[in-house]
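Breakdown of the fold
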There are 2 protein chains.
Amino acid sequence: MSKAGHTGSNEAARQRLQMADIARLAGVSTATVSRALNNSPLVNQETRTRILELAASLKYSINIGAQNLRLKQNRTVGVLIPFDPRTHQSLTDPFLLAMLGSLADALTERGFDMLFSRIGTDEIGLAAASYDSGRVIGIIMVGQWGRHQELNALAARKVPLVVWGAQLPQQLYCCVGSDNVNGGRLATEHLIAQGRRRIAFFGDSALPEPAQRYRGYCEALARHGIAVDPRLQVSCSFLPEGGHEAVAALAARGVDYDAVFACSDLIAMTAIDSLRSLGRHVPDEVAVVGYDDIDQASWFHPRLTTVRQPIGAAGRALVDALLAQVEGGAALSAELPTELVIRASAGETAT
Amino acid sequence: MSKAGHTGSNEAARQRLQMADIARLAGVSTATVSRALNNSPLVNQETRTRILELAASLKYSINIGAQNLRLKQNRTVGVLIPFDPRTHQSLTDPFLLAMLGSLADALTERGFDMLFSRIGTDEIGLAAASYDSGRVIGIIMVGQWGRHQELNALAARKVPLVVWGAQLPQQLYCCVGSDNVNGGRLATEHLIAQGRRRIAFFGDSALPEPAQRYRGYCEALARHGIAVDPRLQVSCSFLPEGGHEAVAALAARGVDYDAVFACSDLIAMTAIDSLRSLGRHVPDEVAVVGYDDIDQASWFHPRLTTVRQPIGAAGRALVDALLAQVEGGAALSAELPTELVIRASAGETAT
DNA sequence: GTGAAAGCGCTAACAG
DNA sequence: CTGTTAGCGCTTTCAC
């Protein structure tokens with residue numbers, strides 16, 4: 001909300017057509033114009049059409065700001081995608097694009113607009129600024145970013161809020177996400193079924209979603225009597241560097257592995273790139289399973305076996321959960337189903 | 001602008017704190033609160049701090065809608081990414097994510113908010129709705145989508161508008177883009193330098209940007225005395241299917257080629273995927289050059305040789321051009337430089 | 001320094 | 001059916 005310069009657009013806005021102009025031109029009062037434009041049945045058929053035509057020909061459109069003020073209404077929703085202030089890159093994962101598209105569609109369908117912002121993960125407490133100032137009726141935040149407490153604080157303040165992420169204990173805010181534990185389980189089971197035993201885990205386990213996927217991974221290993229080797233768990237970011245970092249870390253540790261379960265397709269892909277540089281064949285020497293099922297997964301080489309998150313449903317679920325809150329309803333968290341998509345990167349055989 | 005249901009948030013908005021509340025609590029008039037909150041020097045130092053603290057502790061924030069109405073100002077910009085109504089997918093190219101991120105950053109830097117919408121390419125005439133209704137002070141549209149006339153019409157109406165795309169004759173609207181002709185030339189020259197002679201062109205040449213890249217391609221061929229073979233020019237979409245379509249089309253035509261210049265990295269990548277399925281080696285049998293230089297280009301296999309568009313500069317240029325118009329200045333179109341990034345997909349040797 | 005009052009562009013009683 | 005009037009939450013002369 002820093003105001004840079006005086007670029008307030010005062011000049012341009014000043015000369016815009018308004019209801020009074022239409023009224024004068026049509027020879028009626030603004031009340032009648034208002035009624036006509038809002039399709040009130042109270043207004044005479046022919047005056048209505050006359051007004052409508054006049055407005056259309058002049059491209060007049062009701063000033064939403066004034067209308068909102070008068071009606072105490074608002075149909076815009078804030079969408080926030082946080083970024084790590086240390087790198088300031090975040091819009092780097094194609095999964096987010098798909099999510100944004102899905103949210104835009106879901107909002108449009110319901111007649112809402114989207115105010116989009118990035119925000120530093122260190123200033124998530126300020127996420128409600130747009131709500132406090134009446135700019136938006138609620139906020140959809142993509143990812144928890146390890147800011148559980150701040151999010152709880154927002155919810156405690158009754159800021160309408162839905163977060164894409166993982167269900168956590170002591171969670172006051174509404175959270176929509178996919179079934180991460182099951183996703184981790186599916187991926188790991190598949191790898192085990194391919195005969196792999198030394199399965200590495202790539203993901204930032206300080207974050208809730210990767211942590212739950214890790215739990216699924218551990219459960220699957222346990223079920224098959226395979227010991228969890230902590231040296232196979234490597235923490236890496238969701239940035240494109242993630243996979244490279246992780247492969248390098250494993251090499252530095254000198255541990256052996258024959259498979260990787262990566263917490264995003266992006267990590268999986270960059271990991272595969274690193275493995276290729278190291279001369280390790282995927283999937284023969286190292287089988288890789290990703291997460292998300294972004295578009296690229298289906299034409300990457302090798303085609304990525306991955307856990308699909310239902311992105312279309314996700315956008316709708318997030319929006320619905322938010323609107324429910326706004327209308328005073330309960331903020332129901334939801335967990336969407338995940339599903340394994342078998343392609344080539346983890347070996348050819350289906351489970 | 002279709003209103004679905006009555007989810008207007010009337011209920012929630014109703015009980016929000018407002019300036020009068022702060023005034024009452026502080027024992028002053030709203031005028032004083034307004035002055036204090038706006039850092040007017042007219043207000044007494046201690047009353048000011050008292051009011052500021054009160055407001056902060058109550059998380060009160062000035063209602064922007066009312067403020068905007070009173071001040072006739074507005075600091076939000078509309079960003080539109082059109083989609084093809086036949087497929088309704090459009091947020092499918094990672095290049096767009098990068099662009100969106102760049103725009104978000106540039107707007108934030110200048111203290112503006114972004115209202116993001118998708119819109120059908122068939123309803124671009126409606127793109128100004130958010131401007132006409134005073135929702136935004138101007139519009140940034142990503143891509144021309146073959147709607148030159150509609151865009152000209154908007155500009156003729158004096159809607160503040162900047163389009164990411166190609167400079168065209170008889171262009172009334174402000175347009176920022178990269179140097180497409182040079183980009184096409186660079187890519188093609190590189191391919192020729194690698195000894196390729198049968199260079200296919202992949203891109204929707206009905207669109208201005210691909211058309212200009214094609215011109216650069218033709219120029220480069222001409223300079224080297226290579227005849228342009230129209231059968232090597234294949235029109236394909238910017239969707240992920242693009243590359244697949246194009247490779248299939250060429251196969252159907254039965255024409256031979258040893259190189260591809262693709263109008264986006266996405267097309268290049270999916271084309272490579274198809275070529276691989278056909279058993280044709282990249283770059284040995286077919287050298288491929290892409291366009292955009294998205295993140296993935298550097299870790300795709302083979303690493304993509306591509307024409308870089310300066311995305312960071314693009315966002316800033318688009319925003320600056322728009323704000324200049326809003327402030328009543330001239331709408332200066334701009335062409336950003338393009339640059340060839342040599343990696344592996346077109347052969348190893350630099351030009 | 002501070003308050004009273006008018007008005008930004010619109011809508012909704014309330015009269016007629 | 002239509003116009004008059006008041007007021008949404010804020011800012012800003014103009015008095016005091």
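Fair warning: this is a prediction, and the values are worked out from it, not measured in the lab.

A separate point is the sheet that holds strand E6 (residues 199-202) of chain B. Strand order in the open sheet made by the 6 strands is E7-E6-E8-E9-E10-E12 (chain B), with mixed pairing throughout. The open sheet has two edge strands, strand E7 (233-234) and strand E12 (339-341) of chain B, and neither has a second partner.

Take the packing of helix H9 (residues 180-193) of chain B against helix H10 (residues 208-223) of chain B next. Residue and element names in this part refer to chain B. One can describe the packing of H9 onto H10 by two numbers: an axis separation of 7 Å at closest approach and a directional angle of 40°. The pairing of H9 with H10 is recorded here as oblique in orientation. For H9 against H10, the interelement crossing comes out right-handed. In contact with Asn 180, Val 181, Gly 184, Arg 185, Thr 188, Glu 189 and Ile 192 of H9, H10 contributes Glu 209, Gln 212, Arg 213, Arg 215, Gly 216, Tyr 217, Glu 219, Ala 220, Leu 221 and Arg 223. Considered class by class, the residues forming the contact of H9 with H10 number 5 nonpolar, 5 polar and 7 charged.

Neighbouring residues of DNA strand C: 26 residues in total, closest Met 19, Tyr 60 and Arg 70 of chain A together with Arg 70 and Lys 72 of chain B. Within the side chain of Thr 47 of chain B, an N or O atom sits 3.1 Å from a phosphate oxygen of DNA strand C. The separation between a base nitrogen of DNA strand C and a polar side-chain atom of Arg 70 of chain B is 2.9 Å. Of all elements in the fold, only helix H3 (30-37) and helix H5 (64-71) of chain A together with helix H3 (30-37) and helix H5 (64-71) of chain B reach the threshold of two or more residues within the surface near DNA strand C. Looking at the surface near DNA strand C, its residues break down into 11 nonpolar, 10 polar and 5 charged.

All right, on to the domain arrangement of chain A then. With domains assigned, chain A is organised as domain 1 (1-60) and domain 2 (180-309). Put simply, the middle of domain 1 of chain A and the middle of domain 2 of chain A, counted by C-alpha atoms, are 58 Å apart.

What follows concerns the interface of chain A and chain B. Contacts between the two partners involve 70 residues from chain A, matched on the other side by 69 residues from chain B. Both sides together, the interface formed by chain A and chain B hides about 6,400 Å², and carbon and sulfur atoms give 55% of it. Viewed at the interface, chain B and chain A are joined by 6 salt bridges. Of the charged contacts, one joins Arg 303 of chain B and Asp 273 of chain A as a salt bridge, the two residues approaching to 2.8 Å between their closest N and O atoms. Linking chain A to chain B there are 16 residue pairs in polar contact (both at pLDDT 80 or more). Broken down by element, the side of chain A that touches chain B gets its largest block of residues, 7 residues, from helix H6 (residues 94-109) of chain A. By residue class, the composition of the side of chain A that touches chain B is 27 nonpolar, 22 polar and 21 charged. Sheet topology note: the strand E2 (residues 113-120) of chain A/strand E2 (residues 113-120) of chain B ladder contains 3 bridges and is antiparallel.

Summed over the entire model, instances satisfying the criterion amount to 0 disulfides over all chains. Residue Cys 175 of chain A stays outside any disulfide, its sulfur separated by 7.3 Å from that of Cys 174 of chain A, the closest cysteine. By relative accessible area, Cys 175 of chain A is classed as buried at 0%. Not engaged in a disulfide, the cysteine Cys 218 of chain B finds its nearest cysteine sulfur in Cys 263 of chain B; these two sulfurs lie 11 Å apart.

All names here are of chain A. Side chains Ile 199 and Phe 201 of strand E6 (residues 199-202) all project onto a buried face; the interleaved residues Ala 200 and Phe 202 project onto the opposite face, where all are buried too. Relative to strand E8 (residues 259-262), E6 runs parallel, the two being bridged by 4 bridges. What sits directly across from Ile 199, in E8, is Ala 259. Taken together, the 2 bridges between E6 and strand E7 (residues 233-234) define a ladder with parallel strand orientation. Each residue of the ladder has a partner; that of Phe 202, found in E7, is Val 234. For the handedness criterion, the β-α-β arrangement of E6, helix H10 (residues 208-223) and E7 is classed as right-handed.

Thresholds applied
Residues numbered from 1 in each chain as written. Chains lettered and ligands numbered in written order. Predicted model: local features only at pLDDT ≥ 70, side-chain atom pairs only at ≥ 80, totals over all residues. Heavy atoms only, no water. Pairing = 2+ DSSP bridges. Helix = DSSP H or I, 4+ residues; strand = E, 2+ residues; numbered from the N terminus. Axes fitted to C-alpha atoms, helices over the stretch in contact; angles between N-to-C directions. Parallel < 35°, antiparallel > 145°, perpendicular 65-115°, else oblique. Left-handed = near helix turned anticlockwise from the far one by under 90°. Contact = heavy atoms within 4.5 Å. Nonpolar A, V, L, I, M, F, W, Y, C, P; charged D, E, K, R; others polar. Near = heavy atom within 4 Å. Polar contact = N/O pair within 3.5 Å; in protein donor to acceptor, adjacent residues only side chain to side chain. Domains from an automatic or database assignment. Buried area = accessible area lost by both parts, 1.4 Å probe. Salt bridge = Lys/Arg side-chain N within 4 Å of Asp/Glu carboxyl O. Disulfide = S-S within 2.5 Å. Buried < 20%, exposed > 50% of the residue type's maximum accessible area, 1.4 Å probe, protein only. Right-handed = clockwise from strand over helix to strand, strands pointing away.

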